[in-house]
Amino acid sequence: MVQDRIASVSRSTRETQIEITINLDGSGQSEISTGIGFFDHMLEGFARHGFFDLKLQVRGDLEVDCHHSIEDTGIVLGTAIRQALGDKRGIRRYGSCILPMDEVLVLSALDLSGRPYLQFDPVFSAPMVGQMDTEMVREFFYAASYAAMMNLHVKMLTPGNCHHMIEAIFKSFAKALDQAVSYDSRIDGVLSTKGRI
Ligand SMILES: [Mn+2]
């Protein structure tokens, strides 16, 4: 292990108060409370399948709707990932995962390039799963990818049940990220011909 890759971030606005701690070299333990049950379920899956330790407390204006809580959690998670990564020495940088969940098949591919970008093509047939608006899935990944300064592509290869689709997206993102942040002993410094990412 080159360095501790743990970051804590808190962010407070009139709409949300969020505290997060992530350990990129964890074991998949999580303590998550966002007030949105299905979103908690997704973030627990993200931590478990990416082997990240994740502590997250969100107090948001759920009396309005879930929008601010989910979008701001994306900002804070992305910020924490970027901070925990530090100078990115020795990491693989790229990661991808094609993940099946029953009838659903999804692809996530990412580059911790320092240049934010999101391509996201899943289309959901239902407006909500539990208390979470399905259109917030894209908003979450937009916020997280931009705050983490990563290039993220999410492609739904075979759509199906919306719960399966969203869960498969979070898990494939987790596994792609786990791969991208992992060390490769052959990498000396930062994996770029430019010398930094
Ligand atoms: Mn589930």
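For the structure itself, consult the block above.
Residues numbered from 1 in each chain as written. Predicted model: local features only at pLDDT ≥ 70, side-chain atom pairs only at ≥ 80, totals over all residues. Heavy atoms only, no water.

**So, the coordination of the manganese ion**
Part 1 of the argument: Here the manganese ion is held by the protein donor atoms His41 (NE2), His163 (NE2) and Glu167 (OE), which lie 2.0 to 2.3 Å from it.
Part 2 of the argument: Counting the intervening residues between successive donors of the manganese ion yields the motif H-x121-H-x3-E. Here His163 and its partner Glu167 are both found in helix H4 (residues 162–181), 4 residues apart, which amounts to about one turn of the helix.
Part 3 of the argument: A relative accessible area of 30% places His163 in the partly exposed class.
Part 4 of the argument: Note on Glu167: relative accessible area 10%, which makes it buried. (Donors = N, O, S within 2.8 Å, 3.2 Å for Na, K, Ca; no water. Helix = DSSP H or I, 4+ residues; strand = E, 2+ residues; numbered from the N terminus. Buried < 20%, exposed > 50% of the residue type's maximum accessible area, 1.4 Å probe, protein only.)

**Observations concerning the nonpolar core**
Part 1 of the argument: The biggest cluster of nonpolar side chains holds 60 residues, and the ones touching the most others in it are Ile22, Phe46, Phe141, Phe170 and Leu177.
Part 2 of the argument: Per-element tally for this core: the top contributor is H4, with 12 residues.
Part 3 of the argument: Sequence-distant contacts of Ile22, defined by excluding residues within four places in its chain, comprise Arg5, Ile6, Ala7, Phe46, Phe52, Asp53, Leu54, Leu77, Ala80, Ile81 and Ala84. (Core = buried A, V, L, I, M, F, W, Y, C linked by side-chain atoms within 4.5 Å. Contact = heavy atoms within 4.5 Å.)

**Structural notes on the pattern of salt bridges**
Part 1 of the argument: Here the structure, examined in full by the defined rule, presents 7 salt bridges.
Part 2 of the argument: Across the pair Arg11 and Asp72 runs a salt bridge, and its minimum N-O distance is 3.2 Å. Highlighted residues: Arg11 in strand S1 (residues 6–12) and Asp72 in helix H2 (residues 67–85), separated in sequence by 61 residues.
Part 3 of the argument: What makes Asp72 buried here is its relative accessible area of 6%.
Part 4 of the argument: The salt bridge partner of Arg93 is Asp111, with a shortest N-O separation of 2.7 Å. (Salt bridge = Lys/Arg side-chain N within 4 Å of Asp/Glu carboxyl O.)

**Here we look at the sheet that holds strand S7 (residues 117–120)**
Part 1 of the argument: The 4 strands are arranged S5-S6-S10-S7 in an open sheet whose pairing can be described as mixed. Looking at which strands have only one partner, the edges of the open sheet turn out to be strand S5 (94–101) and S7. Averaged over all neighbouring strand pairs, the angle between strand axes comes to 10°, with direction disregarded.
Part 2 of the argument: As paired elements, S5 and strand S6 (residues 104–111) share 8 bridges and run antiparallel to each other. Bridge pairing links Ile98 to Leu107 in S6.
Part 3 of the argument: Together, S7 and strand S10 (151–158) form the strand contacts of helix H3 (residues 135–148), whose direction differs from that of S7 by roughly 155°. (Pairing = 2+ DSSP bridges. Axes fitted to C-alpha atoms, helices over the stretch in contact; angles between N-to-C directions.)

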